[in-house]
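Observations on the model geometry
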Amino acid sequence: MMRTFEFTASQTLPAPLERVFEFFSDPRNLERITPPWVAFRIVTPGEIEMRAGALIDYRLRIRGVPMRWRTEITEWDPPHGFVDTQLRGPYRKWVHTHRFTARGAETLVEDHIEYAVPGGAFVERLFVRGDVERIFAYRRRVLDDLFVDGRAALPSRTG
């Protein structure tokens, strides 16, 4: 039996639901909101059409160790949410549910992650939980900055 863990985070962004969902539905924006120490890069070539069944490949570093990660968009419900599920990567299980709820002129962004790690509770407590918390704390700060000063509306790619 695989032991699973959960992580949740939420924040309210000062932008309408459609704008927030548009930002999150561009997978290349994930690079913008992931800390530099993760060295996170999407390696899927070309445009990625977000929909149920879309596959996205990444390169990243976990505690300095290079990894490859592949996720599938297993649920797609614009503009209210989507789910990405790890198919290959560092976790035994990773299911990340993104939910977006309009609150007047603002949007509540909720993340729920169900995950399992090799080594179980010991490894999760010693290494993984803290890393996930730091990644989401960084993400919170960047999203606050992007949406407060309006840079979130800019294209995620240059060139």
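Each remark here, short or long, concerns the structure printed above.
Heads up: these notes are all about the structure in this document. (Residues numbered from 1 in each chain as written. Predicted model: local features only at pLDDT ≥ 70, side-chain atom pairs only at ≥ 80, totals over all residues. Heavy atoms only, no water.)

With that settled, the discussion passes to the overall build of the protein chain. Across its full length, the protein chain carries three helices and seven strands. Counting from the amino terminus, the protein chain carries its helices and strands in the arrangement β-α-α-β-β-β-β-β-β-α. Computed over C-alpha atoms, the radius of gyration of the protein chain comes to 15 Å, within 12% of the 15 Å expected from 2.2 N^0.38 for 159 residues, which places it in the range of a compact globule. Across its three principal axes, the protein chain shows a C-alpha extent of roughly 45 × 30 × 30 Å. Looking at the 159 residues of the protein chain, the share that counts as buried comes to 42%. Excluding contacts between residues fewer than 6 apart, the proportion of contacts in the protein chain whose partners are at least 24 apart in sequence is 50%. Of the roughly 8700 Å² of accessible surface on the protein chain, 53% is carried by carbon and sulfur atoms. (Helix = DSSP H or I, 4+ residues; strand = E, 2+ residues; numbered from the N terminus. Rg over C-alpha atoms; globule rule 2.2 N^0.38 Å. Buried < 20%, exposed > 50% of the residue type's maximum accessible area, 1.4 Å probe, protein only. Contact = heavy atoms within 4.5 Å. Areas by Shrake-Rupley, 256 points an atom, 1.4 Å probe, with all protein chains shown as cover.)

Here the focus is the pattern of salt bridges. Scanning the model with the defined rule gives ten salt bridges in all. A salt bridge links Asp 111 to Arg 139, with the shortest nitrogen-to-oxygen separation between them at 3.1 Å. Residue Asp 111 is found in strand β7 (residues 106-116), and its partner Arg 139 is found in helix α3 (residues 120-149); the two are separated by 28 residues along the sequence. Of the two residues, Asp 111 and Arg 139, both sit in the buried class. In this structure, the salt-bridge partner of Arg 134 is Asp 131, at a minimum N-O distance of 2.4 Å. Of the two residues, Arg 134 and Asp 131 are both situated in helix α3; the distance of three residues between them amounts to about one turn of the helix. (Salt bridge = Lys/Arg side-chain N within 4 Å of Asp/Glu carboxyl O.)

The next subject is the pairing of strand β6 (residues 93-103). For strand β5 (residues 81-88) and β6, the ladder comprises five bridges, and the chain directions are antiparallel. What sits directly across from Val 83, in β6, is Thr 97. Taking the residues between adjacent antiparallel strands as the criterion, β5 and β6 are bridged by four residues. Pairing geometry for β6 and β7, over eleven bridges, is antiparallel. In the strand pairing of β7, Phe 100 is matched with Val 109. Here β6 folds back onto β7, and the loop between the two strands holds two residues, one of which, Gly 104, carries a positive phi near 70°. (Pairing = 2+ DSSP bridges.)

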